[in-house]
Amino acid sequence: MELFDVYPLYNVTPVSAKGIEVIDDKGQKYLDFYGGHAVISIGHSHPHYVKRLKNQLDKIGFYSNSVQNPLQAELAQKLGTLSKCEDYNLFLCNSGAEANENALKMASFHTKKSKVIAFKNAFHGRTSAAVATTDNQKINAPLNQQQKVTFLDFEDFTGLEGELKTGNYCAVILEAIQGVGGLDEPSSEFYQFIQEKCKENNVLVIADEVQSGFGRSGKFFGFQHHGIQPDIISIAKGMGNGFPVGGILIHESIKASYGLLGTTFGGNHLACVATLAVLEVLERENLIENASTLDSYFKEIASTIPEVKRVKGRGLMLGLEFDFEVSDLRKKLIHNQHVFTGGSANKKLLRFLPALNITKEQITSFFNALKAEL
Ligand SMILES: Cc1ncc(COP(=O)(O)O)c(C=O)c1O
């Protein structure tokens, strides 16, 4: 058997990694400013994370959601406190798409409606309702197209109000900062308008924090830059620092009942300790503050590079826009400078998604590598 060939691969084979460095099978070191697509939040193989997972593995790695698992309650408590979202309840699953799937399903159960508003250029995952709310027809199969989704432009106040008034919608789903789309975000005024109009029309606001959450934007959640409080918040990626884990925070006004949601693997012992370790390191090492501080350091240096036409994003979810497509530049950065960076749907945007414990010196190294290839 061979692999189903869906991923165009760079010819690099990482075999180990530590902090911000990835080492390949030939012993070559790479600086990881991509974090495996915003997944590595506290650095590769962080000692506390490794210790926590190893210890847990020695005890119990998995049991199903039919027995008590106090690690889930510990995680919910810690996550509520650190994110300042104490008045939510946590449902654990395994990935970002699954988190959004459950978020959309909950909104539909709660409101008994089925239509969803999403935004142009949004990415919410590749499964059923999640892919239907993703603005990319290439990955939307006829099966998925049966979902009823309206795509609006950011700042379309009139369109949003008109659609919500029809009374057919269960949710508005948004990324606080669009990740895959290319780091666009509307005004706080628009987000606050969404919240206000959703309340008026009994429609739920779902914040997809799969990429922007867990401190990446310089606050625990990206929506916290805009003064809104969503009804449901989806999380994954940086949450497990590489361990596959996702979840949704559901406002306590939305009630649970047995069997409403469920999953075999979600919230298993290893996933819980991986996430607890991430939260502990974020807190102990002040990594959210680090992301916030380094945002301005990065932008300051970027503003001195004439080829950079625009700097986008927040915290350590950043991008540099050029007036040319960046795929060749990314290849040169990997092969000549041994530096990983990210791309996006905006082909002119080079994305920077490092672990949140990156240092100023490492950011300087990134810019030195970049300048050498421009
Ligand atoms: C904002 C956002 N939502 C959802 C997803 C889907 O997450 P996963 O690939 O874990 O299913 C992604 C993945 O890139 C994402 O960026």
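Residues numbered from 1 in each chain as written. Predicted model: local features only at pLDDT ≥ 70, side-chain atom pairs only at ≥ 80, totals over all residues.

An unreviewed UniProt entry annotates the protein chain as Aspartate aminotransferase family protein originating from Croceitalea marina. Word for word, the UniProt comment on the protein chain under Cofactor (unreviewed entry) is "pyridoxal 5'-phosphate". Of the protein chain, the UniProt comment under Sequence similarities (unreviewed entry) reads exactly: "Belongs to the class-III pyridoxal-phosphate-dependent aminotransferase family." (UniProt positions renumbered as here; feature names shortened; annotations may be inferred.)

On to the site of the ligand, then. Around the ligand, the surrounding shell holds 14 residues, and the nearest of these are Ser95, Gly96, Ala97, Gly125 and Val210. For the shell around the ligand, the element with the most residues is helix H4 (residues 96-111), which contributes 3 residues. Of the residues in the shell around the ligand, the class split is 5 nonpolar, 7 polar and 2 charged. (Near = placed C-beta within 6 Å. Helix = DSSP H or I, 4+ residues; strand = E, 2+ residues; numbered from the N terminus. Nonpolar A, V, L, I, M, F, W, Y, C, P; charged D, E, K, R; others polar.)

To continue, consider the environment of arginine 126. Here arginine 126 lies in the loop between strand S5 (115-119) and helix H5 (128-132). In this structure the C-alpha to C-alpha distance between arginine 126 and alanine 97, which are 29 residues apart in sequence, comes to 6.2 Å. Apart from the residues lying within four places of it in its own chain, the contact partners of arginine 126 are Ala97, Val131 and Ile139. (Contact = placed C-beta atoms within 7 Å.)

This brings us to unusual backbone geometry. Phi is positive for lysine 84, close to 60°, though the residue is something other than glycine. Turning to its location among the elements, lysine 84 is positioned in the loop between helix H3 (70-83) and strand S4 (88-93). Despite not being glycine, asparagine 241 has its phi angle at roughly 50°, a positive value. Turning to its location among the elements, asparagine 241 is positioned in the loop between strand S9 (232-235) and strand S10 (246-251). Owing to 27 C-beta atoms within 10 Å, asparagine 241 belongs among the buried residues under this scheme. (Buried ≥ 20, exposed ≤ 12 C-beta atoms within 10 Å, placed from the backbone.)

We now examine the environment of phenylalanine 157. Within the secondary structure layout, phenylalanine 157 lies in helix H6 (residues 157-165). Distance in space between the C-alpha atoms of phenylalanine 157 and tyrosine 191 is 9.9 Å, their sequence separation being 34 residues. Beyond its immediate stretch of four places on either side in the chain, phenylalanine 157 contacts Phe190 and Phe193.

The next point concerns H4. Helix length check: H4 (16 residues) gives 23 Å between terminal C-alpha atoms against 22 Å at 1.5 Å per residue, within 8%. The element H4 is largely enclosed, with a buried count of 13 among its 16 residues. Among the residues trailing H4, lysine 112 stands out with phi positive, at a value near 65°. (Expected span 1.5 Å × (residues − 1).)

Spatially, S4-S10-S9-S8-S7-S5-S6 is the arrangement adopted by the 7 strands of the open sheet, whose pairing is mixed. Each edge of the open sheet carries a strand with a single partner, namely S4 and strand S6 (149-152). Averaged over all neighbouring strand pairs, the angle between strand axes comes to 20°, with direction disregarded. Pairing analysis gives 3 bridges linking S5 to strand S7 (residues 169-175), with the strands arranged parallel. If you follow lysine 115 over to S7, its bridge partner there is tyrosine 169. Packing against the sheet, H6 makes contact with S5, S6 and S7, and its axis sits at approximately 160° to S6. Sitting on the sheet, helix H7 (residues 188-200) touches S7 and strand S8 (204-208), and the angle it makes with S8 is about 145°. (Pairing = 2+ DSSP bridges. Axes fitted to C-alpha atoms, helices over the stretch in contact; angles between N-to-C directions.)

Let's shift gears to the packing of helix H2 (residues 47-59) against helix H8 (residues 269-284). One way to put it is that H2 packs onto H8 with a least axis distance of 9 Å and a crossing angle of 155°. For the element pair H2 / H8, the angle class is roughly antiparallel. Two packed elements cross with a definite hand, and for H2 against H8 that hand is right-handed. Contact with H2, carried on its side by His48, Tyr49, Arg52, Leu53, Gln56 and Leu57, involves His269, Leu270, Val273, Ala274, Leu276, Ala277, Val278, Glu280 and Val281 of H8 and no other residues of that element. Tallied by class, residues from the contact of H2 with H8 come to 10 nonpolar, 3 polar and 2 charged. (Parallel < 35°, antiparallel > 145°, perpendicular 65-115°, else oblique. Left-handed = near helix turned anticlockwise from the far one by under 90°.)

With that out of the way, let us pick up the nonpolar core. Counting residues in each nonpolar core, the largest one holds 105 residues, and the members touching the most others are Ala171, Ile206, Ile232 and Val278. Among the elements that take part in this core, H8 stands out by supplying 10 residues, more than any other. A domain split of this core shows at least three residues from each of domain 1 (48-284) and domain 2 (286-359 + 368-374). If near-sequence neighbours (up to four positions away) are discounted, isoleucine 206 is found in contact with Ala103, Leu104, Ala107, Ala171, Ile173, Pro230, Asp231, Ile232 and Ser234. (Core = buried A, V, L, I, M, F, W, Y, C linked by C-beta atoms within 7 Å. Domains from an automatic or database assignment.)

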